[in-house]
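Listed below, chain by chain, are the residues.
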Amino acid sequence: MKTFHNPHHAGHVGQQEMFRGRMVACHEVPARLDFVLAELQRRPLGPLAPPAVDAAALDAAIARVHGARYLAFLATAWDDWVAMDPANSQRDALPSVWPLANRHGFRHDVLPHNFAARLGLFSFDSGSPLTAGTWAAARGGAACALAAAQTVAGGERSAFALTRPPGHHAGPDFLGGYCFLNNAAIAAQALRDAGHARVAVLDVDYHHGNGTQTIFYERADVLTVSLHGDPATEYPFFLGHADERGAGAGTGFNLNLPLPRGTGVQAWRAALDTALRAVGDFGADALVVPLGLDTFEGDPISGFTLKTSDYAAVGAALAGAGLPTVFTFEGGYAVDEVGTNAVNLLEGFQRAA
Ligand code: Q9C
Ligand code: ZN
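Right, let's walk through the structure included here. (Residues numbered from 1 in each chain as written. Chains lettered and ligands numbered in written order. Predicted model: local features only at pLDDT ≥ 70, side-chain atom pairs only at ≥ 80, totals over all residues. Heavy atoms only, no water.)

**Quick word on the sheet that holds strand β1 (residues 2–5)**
Strands in a sheet are paired, the pairing made by backbone hydrogen bonds, and the direction either parallel or antiparallel. Read from one edge of the open sheet, eight strands run β4-β1-β5-β10-β9-β6-β7-β8, paired in parallel fashion. Across the chains shown, the open sheet's two edge strands, defined by having one partner strand only, are β4 (48–49) and β8 (254–259). Bridge count between β1 and β4: two bridges; the pairing is parallel. Within the sheet, the bridge partner assigned to Thr-3 lies in β4 and is Leu-48. The sheet strands contacting helix α5 (residues 134–153) are β1, β5 (158–162) and β10 (325–329), and the helix crosses β5 at an angle near 175 degrees. The strands that helix α8 (residues 265–282) touches are β6 (199–203), β7 (222–229), β8 and β9 (286–291); relative to β7, the one it contacts most, it runs at about 175 degrees. (Pairing = 2+ DSSP bridges. Helix = DSSP H or I, 4+ residues; strand = E, 2+ residues; numbered from the N terminus. Contact = heavy atoms within 4.5 Å. Axes fitted to C-alpha atoms, helices over the stretch in contact; angles between N-to-C directions.)

Quick look at the structure:
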């Protein structure tokens, strides 16, 4: 399979994230991608290249998924942050005030002039630092997703968008969970726009893909399925429960399979089989897999216990869907093992495909 890697990823480098009242070192670091790339050079699965997509086509593909007001905010966020105070050029931008939801009476329709307020309007946590290179890195990642979707729409069995920051927590008009642009959603929509009638998204990251669910929640043409740590105890907490089945025309086209912290490979694989049955029943003609490797037993912020030796069979099970498949790189914070685990899964897919 072709891999599109993001040459701008290392420009996105946060210093610290807020965690339970103190600032801690970021988990979502450039080395994550470098380790996957190094492993792909050791065990090649196919060509490795940066994406070559037309800039106007890229902007159009991003705008199919994200709102104009949010994109305008992101494009100038770093400059606006530094304009607040020149000393900000040495600091990450992190939000510290939020309008919550409309039911709390706060307004979302009026765009604040104050950048710190705008950052709060467009975010849902204080763990996702926005840095000087964040916009270029996020846009480069969307280009990887679009190139991967174009490759698969062009007839190849699979493609891999190897990028960071990750994407699956980013919604139509919000960032969070280390995510800014939803690469998996951009790929799914690009597949739809290229003529695939029914696209399934099967999210295997430890954390619920709340952004992707929200983007497609009222649509019947994109099935979203996620297996993840139960939001009753796990991030992102406020979405990802089993009773969220879609709304309006999309009713029945979202499936959440929450699993308790501590879940091991056997129960996780049973949930994956359930997810794959849903994809089959839907009659998908293309698949997007937001590929998080934070299900690994050694992950520092997650709670499942999959082992390095489990991932090849996961890839083979995904290949069993028999669908043209785009993978997007999401979470996975055990930096030394993330490359091996990712390539084990992708190699397992490729061997079985
Ligand atoms: N100190 C993805 O895996 N909170 N995002 C963790 C740990 C955020 C994970 C707190 C976790 C976000 C793409
Ligand atoms: Zn995750």
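That was the structure; now back to the text.
**A closer look at a nonpolar patch on the surface**
Taken together, Trp-98, Leu-100 and Phe-106 make up a surface patch of nonpolar side chains, about 300 Å² in accessible area. Inspection of the secondary structure puts Phe-106 in the loop between α3 (68–84) and α4 (115–121). Among the residues examined, Phe-106 registers a relative accessible area of 46% and is labelled partly exposed. (Patch = residues over 30% accessible without salt bridge, like charges linked within 9 Å, V, L, I, M, F, W, Y side chains within 5 Å. Areas by Shrake-Rupley, 256 points an atom, 1.4 Å probe, with all protein chains shown as cover. Salt bridge = Lys/Arg side-chain N within 4 Å of Asp/Glu carboxyl O. Buried < 20%, exposed > 50% of the residue type's maximum accessible area, 1.4 Å probe, protein only.)

**Quick look at the pattern of salt bridges**
It is possible for side chains bearing opposite charge to pair when their charged atoms get close. Here the structure, examined in full by the defined rule, presents 16 salt bridges. We note a salt bridge from Glu-28 to Arg-32, for which the minimum N-O separation is 2.7 Å. The exposure classification of Glu-28 matches that of Arg-32, with both residues buried. In this structure, Glu-28 and Arg-164 form a salt bridge, with 2.7 Å as the shortest nitrogen-oxygen distance. Taken as a pair, Glu-28 in the loop between β3 (22–25) and α1 (30–42) and Arg-164 in the loop between β5 and α6 (183–193) lie far apart in primary sequence, 136 residues in all. For Glu-28, a relative accessible area of 5% gives the class buried.

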